[in-house]
Each structure stands twice: as C-alpha cells, then as structure tokens.
Amino acid sequence: MSTLLVTGGAGFIGSNFVRRVLADTEHEVLVLDKLTYAGDQMSLAGLPGPRLGFVRGDVADAELVGRLVDGLDPATDAIVHFAAESHNDNSLAGPRPFLDTNVIGTYTLIEAARRRDIRFHHISTDEVYGDLELDDPAKFTESSAYRPSSPYSSTKAASDLLVAAWVRSFGLRATISGCSNNYGPYQHVEKFIPRQVTNVLRGQRPKLYGTGRNVRDWIHVDDHNSAVLAILERGRIGETYLIGANGERSNREVVETLLELLGRPRDEYDLVGDRPGHDLRYAIDASKLRAETGWEPRFTDFRDGLERTIEWYRANEAWWAPHKDAAEARYAELGR
Ligand code: NAD
Ligand code: TDX
C-alpha cells in the first residue's frame, strides 16, 4: 500500500483526483491544502475516511512540509503537486500570492522531496507557452518555447523550470504535466464555464470577455486525472508530458452551447471588457503522452460533458452558492 501526498487536494482538479484515486486504486491519500478562498473541504465529503488524511497548511511552510515528507517512504510513495493560485484574473489584480504559492511553495516541496528522494509529479499548464494565433494550425508540444503572458502563467513557468533544474542538478525523480483548460464538477465559480452556468441558473446573463473569439482546448477533469495517474505509473523521470483531448472551442461557441443546453436563447449573453493581455488561443498536441503511456481520453463528446456538468451545478447549489457572491463582487470591481 503506497501513499500519495496530494497538495491542493481540496481544489477543483485535486479533489477530483483524490476521489478517483480512492475509487480506482489501492493508494492511501494525504491531502495538504491551505483552504484558500478556492479550497473547500466539502469537495472531499463522503470519501472513505480510513484511506484519506487531511492536513490544513501551506506548501510554502518548510517546517510542516518537511514533517509530512518525513512520513513518506521513498520506495513506494509520491507527491502529486496540484496546489496553486490558479486564476488569471486574480493574478492581474494581485500577483503576490502567486509568487508565494506557485514559486516558493513548489521550491519548498522539491527541496523536501530531494532530501528524502521522494518521487514528485508537478501539475502545470499549457499557458506556460503563451498563446497561438487563431488561424494557425500549430499546437503546443513539449518542445514549444516558454513565453508566459500573465502573472499566473509566469509563476507556473517558473515552477516548471525549478522542477526541471532539480531533476538535472540534484537527481530529483520528477515528471511534469502541462494540461489544457479543464471542466467538470467542483470547479470554482470564478472560472469561465461554472461562472456562466451559475449565472444562468440565477437568472443572470453570461459574460463574455472582449469579442468572445478566444479559443480554449477543453478537457474533462477526469481525463486530466487519468493522464496524471498514467504518468505516475509509466512516465519517464525528467520528462514533461502535455495533456489535451482535441477540445478546441471559441468562448462564444461554449457560451452559446451552454445557453442552448440551459433552455435559453443562444444570444442571451453580454460582451464585457477584455482581460488585459488575454491569450488568444491554446491547443495541445498530446502525441507523446499517448505514445508513451497508452493514455486515451474518455470524455470525447464535449456537449455531453457540458450537459453532465450543468446537471452537477444544478444539483449542488449548496456547494457553489457560498462562493458565488464573493466571486461576483471581485468581478464587479474589475468591471467584468
Ligand atoms: P483551484 O484554484 O481550484 O485549487 C487550488 C487548491 O490549492 C485549493 O484547494 C487551494 O486551497 C490550494 N492552495 C492554494 N494555495 C495553497 C498553498 N499555499 N498551500 C496549500 N494549498 C494551497 O485550482 P485547480 O483549477 O484545481 O488547479 C490545480 C492545478 O492544476 C494548478 O496547479 C493549476 O495551475 C493546474 N492547472 C489547472 C487547469 C485548469 O483548467 N483549471 C489547467 C491546467 C493546469
Ligand atoms: O467570465 C468570463 N468570461 C470569459 O470570457 C471568464 C471568467 C473567462 N472568460 C474567458 C477568458 C478565457 O479566454 O474564458 C476563457 C477561460 O477563462 P478561465 O476559466 O479564467 O481560464 P483560463 O484563463 O483559460 O485559464 C485556465 O486554464 C489554464 C485555468 O484557470 C488555469 O488555471 C489553467 O492553467
């Protein structure tokens, strides 16, 4: 029986990962999460207690991280690092927590991991590569140049570079994955899809930034997490793997589909001010991951995935309602 120390396990992707690991594997899980505005222990409710531990704390707290990592076994256990400040709009309004958590937090974890020789997996994003032109057939690959646009993506890029340097200089047994935009249950209502779904459920109109032409490459969170497990099991140490499922859609197309699925006219949305520095398009070429690990996505029908996600938000207002007013108050300050 091995243990996974999962940082950020009370957030969107981390909590879905914990749920999946407990359901599909024999691993025990220890979550380390600060429970910032984005973390919610309700996201872990109902999971089997005996195999799940929870510690509230900061990944940048070297003393705490050292103690938790001392409890791991280098022969069997691993750290899976999801914890981050994750929202671009917040990083534009106040970058400092992004440096503390994404850069210093990652540094703190890899220092502890190398001291005990613990296997480490770093969760990152396609945003480290900047953006692509709308009419360019190119996609990001593992050899694309790093050119992040926002405070968020620059701190994620910094954390990737730290992990890669610790592999080369100190022999850290690490892998990195860079995933495209995730959707699914337990995603914070500040993010694009949950914001629009919960707006419509509350009788408000979706808000599209700028022209709505920007393209994101959507992947269901369960497909992201099955890829992370595949990399933990079969990935080569020192390698980066991009995770994506050919889900390119313009923001406008996504909002129109959501409105249709929610039984509203397809044009019942507002265009609002654009995000400064707004990346145009992301697109992932996941050939390396598929070839080396045999991973395949299961949620290939985006419309069906959106429908299930809408149903989840409809059924779980008690989970999202406490976060909704605060998120909209932050958007009101930004005029978006
Ligand atoms: P999220 O904001 O929903 O969750 C982040 C979690 O980390 C929260 O539970 C929060 O409490 C915790 N956290 C924040 N600061 C912490 C700290 N200092 N110490 C301990 N815990 C802390 O984020 P998410 O969308 O689930 O993203 C998870 C990871 O996946 C991030 O590393 C992000 O960069 C990456 N990622 C996200 C996406 C996406 O579409 N959401 C895509 C690619 C990669
Ligand atoms: O109300 C909105 N209206 C809108 O048009 C919001 C919140 C967003 N948008 C646009 C901006 C983006 O083009 O929708 C797109 C998606 O926005 P976000 O959900 O904020 O995601 P993005 O900025 O693309 O970043 C996400 O994917 C990569 C995650 O938040 C990151 O953590 C991840 O690294």
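Conventions and cut-offs
- Residues numbered from 1 in each chain as written.
- Chains lettered and ligands numbered in written order.
- Predicted model: local features only at pLDDT ≥ 70, side-chain atom pairs only at ≥ 80, totals over all residues.
- Heavy atoms only, no water.
- Pairing = 2+ DSSP bridges.
- Helix = DSSP H or I, 4+ residues; strand = E, 2+ residues; numbered from the N terminus.
- Axes fitted to C-alpha atoms, helices over the stretch in contact; angles between N-to-C directions.
- Domains from an automatic or database assignment.
- Contact = heavy atoms within 4.5 Å.
- Buried area = accessible area lost by both parts, 1.4 Å probe.
- Salt bridge = Lys/Arg side-chain N within 4 Å of Asp/Glu carboxyl O.
- Polar contact = N/O pair within 3.5 Å; in protein donor to acceptor, adjacent residues only side chain to side chain.
- Nonpolar A, V, L, I, M, F, W, Y, C, P; charged D, E, K, R; others polar.
- Near = heavy atom within 4 Å.
- Areas by Shrake-Rupley, 256 points an atom, 1.4 Å probe, with all protein chains shown as cover.
- Phe/Tyr/Trp six-rings, centres within 6.5 Å; stacked < 30°, edge-to-face > 60°.
- Buried < 20%, exposed > 50% of the residue type's maximum accessible area, 1.4 Å probe, protein only.

Draft legend 1. Representation of the sheet that holds strand 4 (residues 78–81) in the model. One open sheet accounts for seven strands, arranged 3-2-1-4-5-6-11; its pairing is parallel. In this open sheet, the two edge strands, each paired with only one partner strand, are strand 3 (52–56) and strand 11 (240–243). Across the sheet, the mean angle from the axis of one strand to that of its neighbour is 20°, orientation sign disregarded. Note: strand 5 (residues 119–125) against strand 6 (residues 174–179), six bridges, orientation parallel. Its bridge partner being in strand 6, I123 is matched across the sheet by S177.

Draft legend 2. Spatial organisation of the domain arrangement of the chain. Looking at the chain, the domain boundaries give domain 1 (3–182 + 219–243) and domain 2 (188–216 + 248–281 + 299–324). Taking the mean C-alpha position of each, domain 1 and domain 2 sit 25 Å from one another. Contacts between the two partners involve 26 residues from domain 1, matched on the other side by 19 residues from domain 2. Roughly 2000 Å² of surface becomes buried between domain 1 and domain 2 when both sides are summed, with 49% attributable to carbon and sulfur atoms. In this assembly, domain 1 and domain 2 are joined by one salt bridge. The shortest N-O distance in the salt bridge between R275 and D89 comes to 2.8 Å. At the boundary of domain 1 and domain 2, one finds 14 residue pairs in polar contact (both at pLDDT 80 or more). Secondary-structure elements contributing two or more residues to the side of domain 1 that touches domain 2 are helix 3 (88–93) and helix 7 (221–234). With four residues, helix 3 is the single largest residue contributor to the side of domain 1 that touches domain 2. Classifying every residue of the side of domain 1 that touches domain 2 gives nine nonpolar, nine polar and eight charged.

Draft legend 3. Summary view of the site of ligand 2. Around ligand 2, a shell composed of 22 residues is seen, among which E127, Y152, R216, R275 and H278 lie nearest. At 2.8 Å, a backbone N or O of S86 approaches an oxygen atom of ligand 2. Within the contact set of ligand 2, an oxygen atom lies 2.7 Å away from a side-chain nitrogen or oxygen of E127. Compared with its free state, where it exposes 650 Å², ligand 2 has 94% of that area covered by protein.

Draft legend 4. How the structure looks around the packing of aromatic side chains. Under the counting rule described, the total for this entry stands at 13 aromatic pairs. When the centroid spacing of 6.1 Å and the interplanar angle of 90° are considered together, the rings of Y107 and W166 count as edge-to-face. One end of the pair, Y107, is in helix 4 (residues 96–116); the other, W166, is in helix 5 (residues 151–170), and 59 residues separate them in sequence. Take Y107: its relative accessible area is 38%, and that puts it in the partly exposed class. Taken together, the aromatic side chains of Y186, W312, Y313 and W319 make up a single cluster linked through ring pairs.

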